[in-house]
Amino acid sequence: MRKGPALLAIAAVIAVLVLSQHAKQQTAELPDLRAKTLRDAQLAARNAGFRQFAGEDALDRHRIPLAGSNWTVCSQQPPPARYTVTTPVTVSVVKRHERCPRSGRGG
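Below or above, wherever it landed, is the structure these notes cover. (Residues numbered from 1 in each chain as written. Predicted model: local features only at pLDDT ≥ 70, side-chain atom pairs only at ≥ 80, totals over all residues. Heavy atoms only, no water.)

### What to know about the side chain of Gln 76
Next, step 1: Mapped onto the fold, Gln 76 is located in strand β3 (residues 71–77).
Next, step 2: Engagement of the side chain of Gln 76 in a polar contact is seen with the backbone oxygen of Pro 31, the distance being 3.2 Å.
Next, step 3: One polar contact links the side chain of Gln 76 to the main-chain carbonyl oxygen of Pro 78, over a distance of 3.1 Å. (Helix = DSSP H or I, 4+ residues; strand = E, 2+ residues; numbered from the N terminus. Polar contact = N/O pair within 3.5 Å; in protein donor to acceptor, adjacent residues only side chain to side chain.)

### Some details on the sheet that holds strand β5 (residues 89–95)
Next, step 1: Spatially, the three strands line up as an open sheet ordered β2-β5-β3, and their pairing is mixed. Lying at the two open borders of the sheet, with one neighbouring strand each, are β2 (53–57) and β3. Here the average twist between neighbouring strands, direction ignored, is 35 degrees.
Next, step 2: Sitting on the sheet, helix α2 (residues 38–48) is in contact with β2, β3 and β5, with an inclination near 155 degrees to β2. (Pairing = 2+ DSSP bridges. Axes fitted to C-alpha atoms, helices over the stretch in contact; angles between N-to-C directions. Contact = heavy atoms within 4.5 Å.)

### Points about the state of the cysteines
Next, step 1: Enumeration over the complete set of coordinates arrives at one disulfide.
Next, step 2: Linked covalently through their sulfurs, Cys 74 and Cys 100 form a disulfide whose S-S length is 2.0 Å. Here the disulfide of Cys 74 and Cys 100 is left-handed, its torsion about the S-S bond being about -90 degrees. Taken together, the residues span a long stretch of sequence, with Cys 74 in strand β3 and Cys 100 in the segment after β5 at a distance of 26 residues.
Next, step 3: Exposure remark for Cys 74: the relative accessible area of 13% places this residue in the buried category.
Next, step 4: For Cys 100, a relative accessible area of 37% puts it in the partly exposed group. (Disulfide = S-S within 2.5 Å. Buried < 20%, exposed > 50% of the residue type's maximum accessible area, 1.4 Å probe, protein only.)

### Some words on α2
Next, step 1: Among the residues of α2, Leu 38, Ala 41 and Ala 45 are the ones counted as buried. Buried residues along α2 cover an arc of 65 degrees about the axis, so they all sit on one side. In α2, the exposed residues that point more than 90 degrees away from the buried face are Arg 39 and Asn 47.
Next, step 2: Looking one or two places after α2, you find Gly 49, whose phi comes out positive at around 115 degrees. (Arc of directions from axis to C-beta.)

### Observations concerning the pattern of salt bridges
Next, step 1: In the structure shown here, the tally under the stated rule is five salt bridges.
Next, step 2: With a closest N to O distance of 2.8 Å, Asp 32 and Arg 34 form a salt bridge.
Next, step 3: The partner of Arg 63 in a salt bridge is Glu 98, with the nearest N and O atoms 2.8 Å apart. In this pair, Arg 63 is assigned in the loop between β2 and β3 and Glu 98 in the segment after β5, connecting sequence segments 35 residues apart.
Next, step 4: What makes Glu 98 buried here is its relative accessible area of 17%. (Salt bridge = Lys/Arg side-chain N within 4 Å of Asp/Glu carboxyl O.)

### Observations concerning the side chain of Thr 87
Next, step 1: Assignment of secondary structure puts Thr 87 in the loop between β4 (81–84) and β5.
Next, step 2: Residue Thr 87 is classed as buried on the basis of its relative accessible area, which comes to 17%.
Next, step 3: A distance of 2.9 Å separates a polar atom in the side chain of Thr 87 from the backbone oxygen of Thr 84.

Okay, here's the thing in C-alpha cells:
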C-alpha cells in the first residue's frame, strides 16, 4: 500500500473530527419565542442557527402540533440566552384560540 493515499485518508478523518468539534462549540443567541406561531418560532430558532427543534402540547392533551400557523408558543426550553447551536430547543404550544397554562413549562 502506498503511503500517500493512506496519509490523505488520515488527514481527511482528522479534518472531519476537527470540524465536528468546532460545530459543537459554536454558539448563538436563542431568541424569545413566546407568543409566536409555532412556524415563526421554528424559523426564528433555525435562523439563529439552532437545528434541533420540537413542539409539544402545553395542555398535555397529547396532540401533535402539525400546522405551525395554528399553534401559539407558551414557553420554551431552554429560555432565551446564548447556547451552543447543537442545543435542542423545545417549545410548549396551544391552539391559536386556547389560553396558555398559568405555569407554562420551560420559561
